[in-house]
Amino acid sequence: MLEQGFCPDYASYGEEELAADEFFQKWVLMPDDENNRFWQAFREKHPERAITLDNARKLVKHLVETGFHIPFLTADEKQALKSRIFEMIGQQEKLPRNPPDGTSGKKWGLPVAALVLGIAAFFTVTMRKNNVQAPATVQTSTGIKQVKEIFLPDGSVVVLNGNSSVSYDEAFGAENSRVIYLKGNAYFRVKKQSGKPFIVHTPEAAITVTGTEFNVNARTAETNVVLTQGSVDIALSGTDNHEAIGLREPGATLSYNAEMKELTTGNIRADLYTNAWDGEEWHFDNTPLTTVIDLVEQFYGTSIVLENKALNQLTISAVVSVKDYSTLLRVIEKTLNVSVTESRDQVFIN
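The present account deals with the structure reproduced in this document.

With that out of the way, let us pick up the overall build of the protein. Looking only at helices and strands, one finds nine helices and 18 strands in the protein. Looking at the 350 residues of the protein, the share that counts as buried comes to 44%. Residue pairs in contact within the protein that sit at least 24 positions apart in sequence constitute 52% of those at least 6 positions apart. Within the structure as shown, the protein displays about 17,900 Å² of accessible surface, and the carbon and sulfur contribution to it stands at 49%.

Here it is, written out as structure tokens:
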């Protein structure tokens, strides 16, 4: 959150300065309604800064992916950190809040920006070292039709889809394993770390990986896993089978219904997921309507009611933006010549 009565002159910031700014970092790594509104308004007011914003976002993500842990500090920690930074780079703190010439303060180069982020991680650990307590839980959730990209401290990425939540200890990755809890639907890109397995817990399963990409849907009593790269081992709760089930090929799927005690495996086009999160598009090629409906329900957290069961046999061929929910519904409507209506968190197709 920005301090009341104080707004930095972001319009004059360079890429490295933005990347070193805590409010900007929070928008990139932990977007919420407040910072989304601010930076969207900023982009609309300063369209000429769009490239700078995009490059700064990439820089923050790159620093996290390469091992920097960017915590959000308390006011006291920030003040102490600020003094330490200027002491280390041999400068005095001379950054006015509103520079009289309309420009920002000292222009930080990339090495200094990286130094700031690195010292932040070191200094937070140092300050809290003597205050032994159970790690705090970090939790992030999304509303219906809302998608968030979450960067974990180990460099792994979680694309949290609509109406979902993840939680993990603040000390994530500090021990011999990396554990995260999921309710709903998410796509995981796990950074490989030797000796530190990455474990995703859902209400009915524990999915263990080292370095891979996969989608997990645990929105109902049925847990569904789709592997897109690498391999995973899945341990199911409430079954007589105590052996982990492995998925080894891209597109391999596992579905487990805890209520019915039903386990099924199969295959699906892995590119329906990889294109969605790498290229931000769905590539439908004679894709059954039932598959499209399942994807939309997973990603957006909505419920789709197919009132005319005969439509189950229809297929769709189209390229649609993952982020454009309304366009997706219109494509289904026009392509299949059906009626699509919305009511709160439900969609009806007839």
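Attention shifts here to the sheet that holds strand S15 (residues 303–306). The sheet built from three strands is open, its strands ordered S15-S18-S17 with mixed pairing. This sheet does not close on itself; its edge strands, each paired only once, are S15 and strand S17 (340–343). Adjacent strand axes in the sheet meet at a mean angle of 20° when their direction is disregarded. Sitting on the sheet, helix H8 (residues 289–300) touches S15 and strand S18 (346–349), and the angle it makes with S15 is about 155°.

Looking now at the pairing of strand S1 (residues 137–141). Only one face of S1 is covered, namely the one carrying Val138 and Thr140; the face carrying Thr137, Gln139 and Ser141 has none of its residues buried. Sheet analysis places S1 next to strand S4 (residues 165–169), joined by five bridges and oriented antiparallel. Each residue of the ladder has a partner; that of Thr140, found in S4, is Val166.

Turning next to the side chain of Asp154. Position of Asp154 relative to the elements: it lies in the loop between strand S2 (148–151) and strand S3 (157–160). Within the local environment of Asp154, its side chain forms a polar contact with the side chain of Arg178, the two groups lying 2.5 Å apart. Setting aside residues up to four positions removed in sequence, Asp154 forms contacts with Phe172, Arg178, Lys191, Gln193 and Phe198.

Moving on to the side chain of Thr52. By the secondary structure assignment, Thr52 is in helix H4 (residues 50–65). By relative accessible area, Thr52 is classed as buried at 13%. Once you skip the residues sitting within four places of it in the chain, Thr52 turns out to touch Tyr13, Gly14, Glu15 and Leu18.

Turning our attention to the pattern of salt bridges. The final tally for this structure, using the stated rule, is seven salt bridges. One salt bridge connects Arg178 with Asp154, and the closest N-O pair in it is separated by 2.5 Å. Residue Arg178 is found in strand S5 (residues 178–189), and its partner Asp154 is found in the loop between S2 and S3; the two are separated by 24 residues along the sequence. Classification of Arg178 by relative accessible area gives buried; the value is 0%. Here Asp154 falls in the buried class, since its relative accessible area comes to 6%.

If a strand is regular, its side chains alternate between the two faces of the sheet. The buried count for strand S8 (residues 213–218) comes to six of six residues, which makes it a mostly enclosed element. A two-sided burial pattern is seen for S8, the buried positions comprising Glu213, Asn215 and Asn217 on one face and Phe214, Val216 and Ala218 on the other. Relative to S8, S5 runs antiparallel, the two being bridged by six bridges. Each residue of the ladder has a partner; that of Asn185, found in S8, is Asn217. Examined bridge by bridge, S8 and strand S9 (residues 222–229) share five bridges and lie antiparallel to one another. Looking at the pairing, Glu213 lines up with Gln229 of S9. Between S8 and S9, which follow one another and run antiparallel, lie three residues.

Calculation criteria
Within each chain, residue numbers correspond to sequence positions counted from 1 in written order. In keeping with the predicted nature of the model, local features appear solely for residues at pLDDT of at least 70, side-chain atom pairs appear and are counted solely at 80 or more, and the whole-chain, interface and lining totals rest on all residues. Only hydrogens and water are set aside; all other atoms, that is, all heavy atoms of the structure, feed into the side-chain values. Only DSSP runs of H or I covering at least 4 residues are called helices, and only runs of E covering at least 2 are called strands; the numbering of each starts at the N terminus. Categorising residues by exposure relies on relative accessible area from a 1.4 Å probe, with only protein chains included: less than 20% of the type maximum marks a residue as buried, more than 50% marks it as exposed, and the intermediate range marks it as partly exposed. In this analysis, two residues are considered to be in contact whenever any of their non-hydrogen atoms come within 4.5 Å of each other. Computed with the Shrake-Rupley method and a 1.4 Å probe, the accessible areas treat only the protein chains shown as cover for residues. Here, strands pair whenever DSSP counts at least two bridges between them. Working convention: axes come from line fits to C-alpha atoms, limited for helices to the stretch in contact. Angles between N-to-C directions cover 0 to 180 degrees. By the criterion applied in these results, polar contacts are pairs of N or O atoms within 3.5 Å in which, for protein atoms, one can donate a hydrogen and the other can accept it, and in which residues neighboring in sequence qualify only through two side-chain atoms. In the sections that follow, a salt bridge refers to a side-chain nitrogen of Lys or Arg positioned within 4 Å of a carboxyl oxygen of Asp or Glu.

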